[in-house]
Each structure stands twice: as structure tokens, then as C-alpha cells.
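Report on the structure
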Amino acid sequence: MKLKNVSMVYKNKKGIHNIDLDTSQNKVIAVLGHNGCGKTTLFKTMLGLLKFQEGELSVNRGVSIGYLPECRCLYQTMTVCHHIRFMGKLRKMSKIEIEVNMNQWLASFKMEHLKYETISSLSKGNQQKVQFICAMIHNPNLMILDEPMSGLDIVNIQIFKKIITQEIEKGTKIILSSHQYDDVEEFSEYVVILKEGKIVLQGYLRNLKDDYDYEFISLSDDNKQKYKDHKDVLGIETQGHTSRYRVSKKSKLLASVLEKRRLNTVKLEAVSLKDLVSSYYE
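To start, this report covers the structure provided alongside it. Note that the coordinates shown come from a computational prediction; the quantities given were computed from them, not determined experimentally. (Residues numbered from 1 in each chain as written. Predicted model: local features only at pLDDT ≥ 70, side-chain atom pairs only at ≥ 80, totals over all residues. Heavy atoms only, no water.)

**With respect to the sheet that holds strand β8 (residues 190-195)**
The line we're drawing: When DSSP finds two or more bridges between a pair of strands, those strands are recorded as paired. Put simply, DSSP H or I for four residues or longer makes a helix, DSSP E for two residues or longer makes a strand, and each gets a number counted from the N terminus. Fitting a line to C-alpha atoms yields each axis, with helices limited to the stretch in contact; the angle taken between N-to-C directions then spans 0 to 180 degrees.
With respect to topology, six strands assemble into an open sheet ordered β5-β6-β7-β3-β8-β9, the strand pairing being mixed. Strands with a single pairing partner mark the edges of an open sheet, and in this sheet they are β5 (65-68) and β9 (198-204). Here the average twist between neighbouring strands, direction ignored, is 15°.

What follows is the structure, encoded as C-alpha cells:
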């Protein structure tokens, strides 16, 4: 899929503007940014659910797309198997294909015992699993996942990460959005950062990290932020009694801290995916 100068603007002027993106060369693309930056609008435009006003969008032959929306779009009175079969029929799959794929996916999520339960009786995490299965029932080779791990507990997040990783290993291309930056960073290859509907940064994650001009020094037992007035400090984050100082890669702050020989735990940290995104929202 390739977007060239694509714009889709709502009446309130919000939307996406002049988007250039080629998804064909990357296994996993993370589309990131704060709420309202245009992630869902971009996905819906790529899927043809929204009509763009400007630009070009092309899809390669043979591309089969599965879509997991951010909101849960399930019929609450249907049983799990009924809902999955319904989605398979919409995809024009045979009954045998539907049953084989459904049973495989239910086994992958360890949900065989919930096959005949109604959607309304399921937990939030299990409903998200059913919605994922509905999106994957036809074995697409491109998945668009809008906040796939939103609102899930730690156990279910690990399950989803495992399933997504398995799909990547099988060759399925993944485009996803998420606010769980630490989790997404584990398997993201290419990153797109949106702000106010525009791409402010995109590229291979490893290259973006190498090009980032700053690093971070974490110092425990520093609730008074002893080095906040140091000339090299460009920003400070706090978590409990730990301070995280953003400095340039040429900073001498680390040498100053070590020279004091205090009993603090000192860590020199490279830039994270969260840091990259946050730098455009300061």
C-alpha cells in the first residue's frame, strides 16, 4: 500500500494532511502520537472507509487486509462461534475454512471453552481476542491494528504480543498504533509519528535512535533534583525519588555525578521509542 500526498480533512479542519507513506517495504510499521493526532483517520482512509480529498492511494495486487478497530464492534447477543462464522461468511470463506481457522485461533488464545458463550458474557480482554480472531479469520497478509492492547491487563498484553510476533514471523505485514510504547518497541521496525494530522517523523527505528541528539541519565534518591540547574540539563522527568535528566550526547553531567561519589544508582540510558514521540509533544 502506498500513499502519496494524501489528505482527508473533516469539516472542523482536523484529519490528516499530505501523508506520504509506503508500507510495502516494512514488516512492522508503528503509527504513533497522542490522542487526536490522526492515527485512526489514517487507518480508515487506507481501508477506504473514509474518502480522501487529495492525493493518491494504491494497493498492490494480492493484498488481503484484516482490520482491528480501536472500539469494540461486536454483536453482544451472538455467541463467539456464531460471530466468527458470520465474519468468515462475509469474507466469502467456505464452511470448512471457517471451522478450521476458527478452531485454530480459539486454541491459540486458549478460548475453546468459550466457543458457545455470548459476547456479552465475556471479559473485556476476551472480547478483544474475539475481535482479533474475526479480523484474522481469512488469514490476511496485511493487518491494521488500531490500539490492539488498549485496556488489557498484563497477562493479555503478553498474549497479544506473542500472537503478533508469530504473525510477523509468518510474514504477515503489520501496521499498528499503540500508547504502550515499551511493548510496541519490541517488534516495531519502522516508525511514523503523527502530530495534528501531519507526519513529523518517520523512518527505521534504529536509524531514528542513532540520529537522536540526546541521551538520559537516571539518578535514584534524587527527589530534590540536585542537578536541575546544571547547564547541560535540557529536561527532567521524575518517577518517585528517581530523576531522569535529558542531556546532549556530549554532556559532562555524567562525569559530574560520578565525581561526587554519592550512593545513588546512576544509569546512562539511550533514547527509547517513548522519548522519540514525547520530543514532538513538549
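**Description of the nonpolar core**
Rules: Buried residues of nine kinds, namely Ala, Val, Leu, Ile, Met, Phe, Trp, Tyr and Cys, make up a nonpolar core once their side-chain atoms join them within 4.5 Å. Buried residues are those whose accessible area, probed at 1.4 Å on protein chains only, stays under 20% of the maximum for their type, while exposed residues exceed 50% and partly exposed ones sit between those limits. Contact criterion: two residues are considered in contact whenever any of their non-hydrogen atoms come within 4.5 Å of each other.
Ranked by internal contacts, the top residues of the largest apolar core, which has 50 residues, are Ile-84, Phe-109, Val-130, Phe-132, Leu-145, Leu-176 and Leu-276. Looking at this core, the element that brings in the most residues is helix α4 (residues 124-136), giving six residues. Excluding its chain neighbours within four sequence positions, the residues that come into contact with Phe-132 are Leu-68, Trp-105, Phe-109, Leu-145, Phe-160 and Ile-163. Among the nonpolar cores identified, the runner-up in size contains 21 residues, and Met-1, Met-8, Ile-65 and Tyr-190 belong to it.

**Remarks on the packing of aromatic side chains**
Given two aromatic rings, one states the distance between the centres and the angle between the planes to describe the pair. Which entries qualify depends on this criterion: Only the six-membered ring of Trp is used, alongside the rings of Phe and Tyr, when aromatic pairs are assigned; centres must lie within 6.5 Å, and planes under 30 degrees apart are stacked while those over 60 apart are edge-to-face, with the rest tilted. In this analysis the charged atom, NZ for Lys or CZ for Arg, is taken to sit over a ring once it is within 6 Å of the ring centre and within 35 degrees of the ring normal.
Tallied over the entire structure, the rule returns nine aromatic pairs. For the ring pair Tyr-75 and Phe-86, a centre distance of 6.1 Å and an interplane angle of 80° mean the geometry is edge-to-face. With a gap of 11 residues between them, Tyr-75 in the loop between β5 and α2 (80-90) and Phe-86 in helix α2 connect regions that are remote in the sequence. Taking relative accessible area as the criterion, Phe-86 reaches 30% and is therefore assigned partly exposed. Taking 6.2 Å as the distance between ring centres and 25° as the angle between the ring planes, the aromatic pair formed by Trp-105 and Phe-109 counts as stacked. Taken together, Trp-105, Phe-109, Phe-132 and Phe-160 form an aromatic cluster joined through their ring pairs. Of note, Lys-195 hangs over the ring of Tyr-281, and the distance from its end group to the ring centre comes to 5.4 Å. Seen from the ring of Phe-216, Arg-244 lies directly overhead, with NZ or CZ sitting 3.9 Å from the centre.

Remember that the coordinates give geometry; whether it matters functionally is a separate question.
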